[in-house]
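Take a look at the letters that make up each chain.
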Amino acid sequence: MTKLGQKISTDFTADQVKQLIRNYHQSSGEIVSSQLLGKTAWLNGSAYQIISTEDLQAASNRLRENLALPEQTLTNTETRLNDMNPVFFDDESPTTYFNVRGYNVTRYTNNTD
């Protein structure tokens, strides 16, 4: 099976899909959903939702727990930018300014060698 629809493709075989349905159908009643809520920031004329490092870490911890993986402290572009904008998440601050310190510039490299 290579196509599930016009915009979705997979390398699962038909038998593998049947096995997934058979084995995991019972789990459908145990699905828990959650939502990350951010604070609005305007970057280059577009609105973005910026999620606090604390909320990102909590979501990562929940996912890792469900996958039986140890907790791991997040350190990525989002957490570094959050660290550079400490006032942004203050409840008292009405600011929608979020300094991306040049991270909004796309840099292309040839890493195919």
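Above this text you will find the structure in question.
Read on for an overview of the structure. The model shown is predicted, which means the values in this text are computed figures rather than measured ones. Residue indices begin from 1 for each chain and proceed along its sequence in written order. Selection of residues for local features in this predicted model requires a pLDDT of at least 70, selection of side-chain atom pairs for listing and counting requires 80 or more, and totals for whole chains, interfaces and linings are taken over all residues. Side-chain calculation: all heavy atoms of the structure are included, whereas hydrogens and water are not.

### A few points about the overall build of the protein
The condition that has to hold: Helix numbering and strand numbering both begin at the N terminus, where a helix is a DSSP run of H or I of at least 4 residues and a strand a DSSP run of E of at least 2. Under the scheme applied here, a residue whose accessible area is under 20% of the maximum for its type counts as buried, over 50% as exposed, and between as partly exposed, the area being computed with a 1.4 Å probe on protein chains only. In what follows, residue pairs with any heavy atoms lying within 4.5 Å of each other are defined as contacts. The accessible surface values rely on the Shrake-Rupley method and a 1.4 Å probe; as for residues, cover is taken only from the protein chains in view.
In terms of regular secondary structure, the protein is built from three helices and four strands. Seen in sequence order, the protein has helices and strands lined up from the N terminus as β-β-α-β-β-α-α. Within the protein, buried positions represent 19% of all 113 residues. Of all intrachain contacts in the protein linking residues separated by at least 6 positions in sequence, the fraction that spans at least 24 positions is 32%. In the form shown here, the protein has an accessible surface area of approximately 9,700 Å², with 52% of it arising from carbon and sulfur atoms.

### As for the environment of Val100
Looking at the element boundaries, Val100 is found in the segment after helix H3 (77-83). In the structure, Val100 is positioned 23 residues away from Thr77 in sequence and 9.7 Å away in space, judged by C-alpha atoms. Ignoring anything within four residues of it in the chain, the contact list for Val100 reads Leu43 and Leu81.

### What about the pairing of strand E4 (residues 46-50)?
We apply this condition: Note: two strands are recorded as paired if DSSP finds a minimum of 2 bridges between them.
Here five bridges tie strand E3 (residues 39-43) to E4, and the two strands are oriented antiparallel to one another. Bridge assignment links Lys39 to a residue of E4, and that residue is Ile50. Hairpin remark: E3 followed by E4, antiparallel, with two residues in the connecting loop; positive phi at Asn44, about 50 degrees.

### Details of the nonpolar core
Rules: Side-chain atoms within 4.5 Å link the members of a nonpolar core, which is a set of buried Ala, Val, Leu, Ile, Met, Phe, Trp, Tyr and Cys residues.
One finds Ala41, Leu43, Ile50, Leu81, Phe88, Phe98 and Val100 forming the largest nonpolar core, which totals seven residues. Not counting chain neighbours up to four residues away, the residues in contact with Leu43 comprise Tyr48, Phe98 and Val100.

### What to know about the environment of Ser34
Mapped onto the secondary structure, Ser34 falls in the loop between helix H1 (14-24) and E3. Measuring from C-alpha to C-alpha, the distance between Ser34 and Ala59 comes to 8.7 Å, with 25 residues separating the pair along the chain.

### Looking at helix H2 (residues 53-66)
Structural remark: α-helix, 3.6 residues per turn; residues separated by three or four positions point the same way. Counted only if it meets this: Helix span, expected: 1.5 Å multiplied by one less than the number of residues in the helix.
If you check H2, its first and last C-alpha atoms are 20 Å apart, about what 14 residues at 1.5 Å a residue would give, namely 20 Å. Considered for burial, the residues of H2 that qualify are Thr53, Leu56, Gln57, Ala59, Ser60, Asn61 and Arg64. Along its buried surface, H2 packs onto H3. Within two residues after H2, Ala68 carries a phi angle of roughly 60 degrees, on the positive side.

### Some remarks on the side chain of Thr53
Put simply, the rule reads: A 3.5 Å cut-off defines polar contacts: any pair of N or O atoms within that distance qualifies, except that in protein one atom must be a possible hydrogen donor and the other a possible acceptor, and neighbouring residues in sequence count only when both atoms are side-chain atoms.
Mapped onto the elements, Thr53 comes out in helix H2. At 3.0 Å, the side chain of Thr53 forms a polar contact with the side chain of Asn82. Setting aside anything within four residues of it in sequence, one finds Thr53 in contact with Thr79 and Asn82.

### Some words on the packing of aromatic side chains
Just so we agree on the cut-off: Under the pairing criterion, centres of Phe, Tyr and Trp rings, with the six-membered ring standing for Trp, must be within 6.5 Å; the plane angle then separates stacked pairs below 30 degrees from edge-to-face pairs above 60, leaving the rest tilted. Whether a charge sits over a ring depends on NZ of Lys or CZ of Arg being within 6 Å of the ring centre and within 35 degrees of the ring normal.
Taken as a whole and judged by the stated rule, the model has two aromatic pairs. A centroid spacing of 5.0 Å and a plane angle of 90 degrees characterise the contact between Phe88 and Phe89, whose relative ring orientation is edge-to-face. When its relative accessible area of 2% is taken as the criterion, Phe88 is described as buried. A residue is classified by how much of its surface remains accessible, and Phe89, at 26% relative accessible area, is partly exposed. A centroid spacing of 5.0 Å and a plane angle of 70 degrees characterise the contact between Phe88 and Phe98, whose relative ring orientation is edge-to-face. Of the two residues, Phe88 is situated in the segment after H3 and Phe98 in the segment after H3; the sequence distance between them amounts to ten residues. Through pairs of rings, three or more aromatic residues link up here, namely Phe88, Phe89 and Phe98. Positioned over the ring face of Phe88 is Lys39, at 4.7 Å from the centre of the ring.

Everything listed is a geometric property; what it means functionally is a separate question.
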